Amino acid sequence: MLTQIDVVYGNELGEQALALPILGVTPKESLLIRKVTGLNPADIDLFIGDYARDGGTYQGRRVGNRNIVMTIDLNPNPALGETISGLRDLLYKTFVDPLVDADHVELVLHSDDGRVRNLYGYTEKFETEIFDIETLAQISMLCPDPYIRDLTETVLTNASGTWVSVPFAYGGTAETGFYAQINISADTPTLTVKNNAKTMVFNYAFLAGDIVHLDTNRGQRSATVVRGGTTTPLLAYMTTTSPWLELHSQTNTMNVYGAAPANLIAGVKTLKYRASYWGV
């Protein structure tokens, strides 16, 4: 379960975090979380093509935006010089005007099992009943990226060489992209990267010593090869039937190879990813 939510913002003092404890909270806390919704899986839009007669056919799905709604009780401590108005101003600055050069708010989620995950949202509504006895603030945020992700990357590196089959267990519950550094150890006209049954194929005259950088994270996808200090994009050499590979929550078996599976002339040196989750 969640123990604390940190709201990251920045001002003239640099990046800071407003800590909102959940577990072990006491009435002395200045800001008390009453309720948080939107931490379950985001709504999924299903595309069904209807037949002219009965039924239809499934055509895919799309995960919509995540909507986080936080209800916070303003509980000023007069001994510390706090006021309702001052706490409200603090929440305005934190959620509505969080950064000098950006509008997003980062929420860092701490769990009792030690996991630290985060997500990014944009405040769309801030409501408070100024004249009510109960001084509550309700903040609604939209998250264009609907997934909750590990705060830090998982980095796997083969110190003794490279892997042709990468051994790892993925702990996320949703698919996620990854970065891989692939070292070419012999000349080959083809490089294949495979995870489960999906394969990416690059038809390029690779030479021994080439280093391939592959990034399949959504929004920053790229593939390049570095040879003698020169970087060449590989997207034009990727076959039209190649999908962008991602790590799956069920199983992962990643392999890389050259012109034929038996021709093991390429290997993964480094694999990086941030595990993704449908909800907490």
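Q: Mind showing me how you'd approach the side chain of serine 242 here?
A: As for its position among the elements, serine 242 is in the loop between strand 18 (230-233) and strand 19 (254-257). Engagement of the side chain of serine 242 in a polar contact is seen with the backbone nitrogen of valine 201, the distance being 3.0 Å. Side chain to side chain, serine 242 and threonine 239 meet in a polar contact 2.4 Å long. Not counting residues within four places of it along the chain, the set of residues in contact with serine 242 comprises Thr199, Met200 and Val201.

Q: Sorry if this is basic, but what is going on with the sheet that holds strand 17 (residues 222-227) here?
A: Either a parallel or an antiparallel arrangement is found when strands of a sheet pair, and the pairing is made through backbone hydrogen bonds. The six strands are arranged 11-20-13-16-17-18 in an open sheet whose pairing can be described as antiparallel. Of all strands in the sheet, those bounded by a partner on one side alone are strand 11 (154-157) and strand 18. On average, each strand axis in the sheet is inclined to that of its neighbour by 20 degrees, with strand direction left out of account. Pairing of strand 11 with strand 20 (residues 266-273) involves four bridges; the strand directions are antiparallel. Along strand 20, the bridge assignment pairs threonine 157 with threonine 270.

Q: Please explain the packing of aromatic side chains as it appears in this structure.
A: Here the distance between the centres and the angle between the planes together describe a pair of aromatic rings. Within the structure shown, the criterion is met by six aromatic pairs. Consider the rings of phenylalanine 168 and tyrosine 273, whose centres lie 6.0 Å apart with planes at 45 degrees: the pair is tilted. Note that phenylalanine 168 is positioned in the loop between strand 12 (165-166) and strand 13 (179-184) and tyrosine 273 in strand 20, a separation of 105 residues in sequence. The exposure class assigned to phenylalanine 168 is buried, which follows from its relative accessible area of 17%. You can call tyrosine 273 buried: its relative accessible area is 5%. Taken together, the ring pairs in this structure connect Phe168, Tyr170 and Tyr273 into an aromatic cluster. A cation over a ring is seen here: arginine 117 above tyrosine 277, with NZ or CZ 4.7 Å from the ring centre.

Q: Explain the confidence of the model for the chain to me, please; I cannot follow it from the model alone.
A: Detailed reading of the predicted coordinates is not advisable wherever pLDDT falls low. When pLDDT is averaged across the chain, the result is 90; 95% of the residues are at 70 or more. Across the chain, strand 16 (residues 211-215) holds the top mean pLDDT of 97, while strand 2 (residues 14-21) sits lowest at 80.

Q: Would you explain the nonpolar core in this entry?
A: Generally speaking, soluble globular proteins have nonpolar side chains that are buried together. Within the largest apolar cluster, 56 residues are counted, with the highest numbers of intra-cluster contacts made by Leu107 and Ile182. With five residues, the next largest nonpolar core counts Ala42, Tyr147, Ala174 and Trp278 among its residues.

Q: Any chance you could explain the pattern of salt bridges here in plain terms?
A: Where charged atoms from two side chains of opposite charge come close, those side chains can pair. In total, this model carries seven salt bridges according to the counting rule given. When the shortest N-O distance is used, the salt bridge between aspartate 113 and arginine 115 registers 2.9 Å. What makes aspartate 113 partly exposed here is its relative accessible area of 48%. Between aspartate 145 and arginine 149 there is a salt bridge; the shortest N-O distance is 2.8 Å. Since its relative accessible area comes to 18%, arginine 149 is described here as buried. Residues participating in the shared-partner salt-bridge network are Arg218, Arg221 and Glu246.

Q: I would appreciate a short explanation of the sheet that holds strand 15 (residues 198-206) in the present structure.
A: Spatially, 12-19-14-15 is the arrangement adopted by the four strands of the open sheet, whose pairing is antiparallel. One side of each edge strand has no neighbouring strand; the edge strands of this open sheet are strand 12 and strand 15.

Q: What is the right way to read helix 1 (residues 84-96) from this model?
A: Since the α-helix packs 3.6 residues into each turn, any two residues three or four apart lie on the same face. The end-to-end C-alpha distance of helix 1, which contains 13 residues, comes to 17 Å, matching closely the 18 Å that a straight helix rising 1.5 Å per residue would cover. For helix 1, the complete set of buried residues consists of Leu87, Arg88, Leu91, Thr94 and Phe95. The buried residues of helix 1 occupy an angular sector of 130 degrees when projected down its axis, which confines them to one face.

So, how was this worked out
- Residues numbered from 1 in each chain as written.
- Predicted model: local features only at pLDDT ≥ 70, side-chain atom pairs only at ≥ 80, totals over all residues.
- Heavy atoms only, no water.
- Helix = DSSP H or I, 4+ residues; strand = E, 2+ residues; numbered from the N terminus.
- Polar contact = N/O pair within 3.5 Å; in protein donor to acceptor, adjacent residues only side chain to side chain.
- Contact = heavy atoms within 4.5 Å.
- Pairing = 2+ DSSP bridges.
- Axes fitted to C-alpha atoms, helices over the stretch in contact; angles between N-to-C directions.
- Phe/Tyr/Trp six-rings, centres within 6.5 Å; stacked < 30°, edge-to-face > 60°.
- Buried < 20%, exposed > 50% of the residue type's maximum accessible area, 1.4 Å probe, protein only.
- Lys NZ or Arg CZ within 6 Å of the ring centre and 35° of its normal.
- pLDDT = per-residue confidence, 0-100.
- Core = buried A, V, L, I, M, F, W, Y, C linked by side-chain atoms within 4.5 Å.
- Salt bridge = Lys/Arg side-chain N within 4 Å of Asp/Glu carboxyl O.
- Expected span 1.5 Å × (residues − 1).
- Arc of directions from axis to C-beta.

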